[in-house]
Amino acid sequence: KAGVTQTPRYLIKTRGQQVTLSCSPISGHRSVSWYQQTPGQGLQFLFEYFSETQRNKGNFPGRFSGRQFSNSRSEMNVSTLELGDSALYLCASRAGTGAGEETQYFGPGTRLLVL
Amino acid sequence: AQTVTQSQPEMSVQEAETVTLSCTYDTSESDYYLFWYKQPPSRQMILVIRQEAYKQQNATENRFSVNFQKAAKSFSLKISDSQLGDAAMYFCAYRSGLQGGSEKLVFGKGTKLTVNP
């Protein structure tokens with residue numbers, strides 16, 4: 001099976017712009033989670049989706065939003081970009097069968113640089 | 001809220017030797033899962049090992065093993081026979097085991113492991 005894929009891998013934007021990142025989970029996986037990784041704050045949870053529904057959201061401003069499609073692919077959007085949004089954005093998928101603990105598999109990430 | 005603490009920002013080990021990475025966590029829950037993830041310079045986060053809190057037996061995966069001390073809320077990772085490919089950032093992570101609870105992982109700040117030839 002192909003792993004989790006994220007596009008684009010690298011992105012440069014300027015302050016005030018908006019950006020959309022995409023994540024394709026492992027085939028058959030229904031749950032997708034997003035994380036932001038920065039040197040200062042480390043890895044922080046953004047949100048998780050399961051069967052097109054947002055199940056949980058981290059402590060991020062409303063500029064950060066996401067959605068999941070019927071094929072389980074997910075997108076996250078950041079509007080009105082700020083310099084502090086520069087980070088590696090990681091997507092993780094899991095099967096979501098509910099059969100006990102399931103491993104989250106991570107994608108390679110999208111490196112966003114805001115100038 | 002749960003927290004995960006990795007007190008060693010950096011560690012180094014000689015090739016073929018053993019190294020232990022420390023992790024402590026804080027939670028009021030009794031059912032949870034603990035993980036060690038590895039993130040090499042390529043940035044792909046890879047699961048190294050996981051431990052279910054209800055299991056007393058420490059998890060092992062080849063050269064990787066954990067020392068899980070539930071009462072002390074400690075979860076250390078031991079890497080035996082270290083290899084150059086083990087060089088990476090290692091993250092300890094916590095996930096609630098509550099039924100219907102969040103799947104979010106709470107990560108520590110990470111430990112950068114260097115393996116010297």
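For the structure itself, consult the block above.
None of the values given here were measured: they were computed from a predicted structure. (Residues numbered from 1 in each chain as written. Chains lettered and ligands numbered in written order. Predicted model: local features only at pLDDT ≥ 70, side-chain atom pairs only at ≥ 80, totals over all residues. Heavy atoms only, no water.)

*Asks:* I would appreciate a short explanation of the overall build of chain A in the present structure.
*Replies:* Of regular secondary structure, chain A possesses 0 helices and 11 strands. When the helices and strands of chain A are read in sequence order from the N terminus, they spell out β-β-β-β-β-β-β-β-β-β-β. Relative to its length of 115 residues, chain A is compact, with a C-alpha radius of gyration of 14 Å against a globular reference of 13 Å. Counting only C-alpha atoms and orienting by the principal axes, one finds that chain A spans roughly 45 × 25 × 25 Å. Partitioning the contacts of chain A with sequence separation of at least 6, the portion at a separation of at least 24 is 54%. For chain A, the exposed area adds up to about 5200 Å²; of that, 49% sits on carbon and sulfur atoms. The average position of the 12 basic charges and that of the 7 acidic charges among the side chains of chain A differ by 5 Å. (Helix = DSSP H or I, 4+ residues; strand = E, 2+ residues; numbered from the N terminus. Rg over C-alpha atoms; globule rule 2.2 N^0.38 Å. Contact = heavy atoms within 4.5 Å. Areas by Shrake-Rupley, 256 points an atom, 1.4 Å probe, with all protein chains shown as cover. Lys, Arg positive; Asp, Glu negative; His and termini not counted. Charge placed at Lys NZ, Arg CZ, Asp CG, Glu CD.)

*Asks:* Even after reading the chapter, I still don't get the side chain of B:Glu52, so can you show me in this structure?
*Replies:* Locating B:Glu52 in the fold gives a position in strand β6 (residues 46–52). Those residues in contact with B:Glu52, other than ones at most four positions away along the chain, are B:Tyr32, B:Tyr33 and B:Phe68.

*Asks:* I would appreciate a short explanation of the sheet that holds strand β1 (residues 5–7) of chain A in the present structure.
*Replies:* Paired through backbone hydrogen bonds, the strands of a sheet run either parallel or antiparallel to each other. All names here are of chain A. In space, the 4 strands of this open sheet follow the order β1-β3-β8-β7, with antiparallel pairing throughout. Bordering the open sheet on either side are β1 and β7 (64–68), each of which pairs with just one other strand. Put simply, the sheet's adjacent strands are angled 20° from each other on average, direction ignored. Bridge count for strand β3 (residues 19–24) against strand β8 (residues 74–78) is 5 bridges, and the pairing is antiparallel. By the bridge assignment for β8, Thr20 is matched with Asn77. (Pairing = 2+ DSSP bridges. Axes fitted to C-alpha atoms, helices over the stretch in contact; angles between N-to-C directions.)

*Asks:* I tried to follow the environment of A:Ser27 on my own but got confused; where do I start?
*Replies:* All names here are of chain A. Tracing the backbone shows Ser27 in the loop between β3 and β4 (31–38). Its relative accessible area of 53% is what places Ser27 among the exposed residues. When the C-alpha atoms of Ser27 and Val4 are compared, they prove to be 8.6 Å apart, with 23 residues separating the residues in sequence. (Buried < 20%, exposed > 50% of the residue type's maximum accessible area, 1.4 Å probe, protein only.)

*Asks:* Would you explain the pairing of strand β9 (residues 74–79) of chain B in this entry?
*Replies:* Taken residue by residue, a regular strand's side chains alternate between the two faces of the sheet. Residue and element names in this part refer to chain B. With 5 of 6 residues buried, β9 lies mostly within the body of the structure. When strand β3 (residues 19–21) meets β9, the two strands line up antiparallel, connected through 3 bridges. Bridging across to β9, Thr20 finds its partner in Lys78. For strand β8 (residues 64–69) and β9, the ladder comprises 6 bridges, and the chain directions are antiparallel. Its bridge partner being in β9, Phe68 is matched across the sheet by Phe75.

*Asks:* Help me understand the environment of A:Trp34, please; the structure alone is not making it clear to me.
*Replies:* Residues and elements named next belong to chain A. The topology assignment puts Trp34 in strand β4. Relative accessible area serves as the criterion here: at 0%, Trp34 is assigned to the buried category. Between the C-alpha atoms of Trp34 and Glu75, which are 41 residues apart in sequence, the distance is 9.4 Å. Within the local environment of Trp34, its side chain forms a polar contact with the side chain of Ser74, the two groups lying 2.9 Å apart. (Polar contact = N/O pair within 3.5 Å; in protein donor to acceptor, adjacent residues only side chain to side chain.)

*Asks:* Would you mind showing me how to read the side chain of A:Thr110 here?
*Replies:* All names here are of chain A. Mapped onto the elements of the fold, Thr110 is located in strand β11 (residues 110–114). A polar contact of 2.5 Å, which involves the side chain of Thr110, links it to the backbone oxygen of Pro8. When sequence neighbours within four positions are dropped, the list of residues in contact with Thr110 reads Gln6, Thr7, Pro8, Arg9, Leu21, Ala87, Leu88 and Tyr89.

*Asks:* In this structure, what is going on with the interface of chain A and chain B? I would like to understand it.
*Replies:* Interfaces are frequently sized by the accessible area removed from exposure as the parts join. Contact residues are listed per partner, giving 22 residues for chain A and 19 residues for chain B. Carbon and sulfur atoms supply 48% of the area that chain A and chain B bury against each other, a total of about 1800 Å² over both sides. Linking chain A with chain B are 0 salt bridges. The interface formed by chain A and chain B includes 7 residue pairs in polar contact (both at pLDDT 80 or more). Elements that contribute at least two residues to the side of chain A that touches chain B include exactly β4, β5 (42–50), β6 (53–57) and β9 (87–94) of chain A. The element contributing the most residues to the side of chain A that touches chain B is β5(A), with 4 residues. (Buried area = accessible area lost by both parts, 1.4 Å probe. Salt bridge = Lys/Arg side-chain N within 4 Å of Asp/Glu carboxyl O.)

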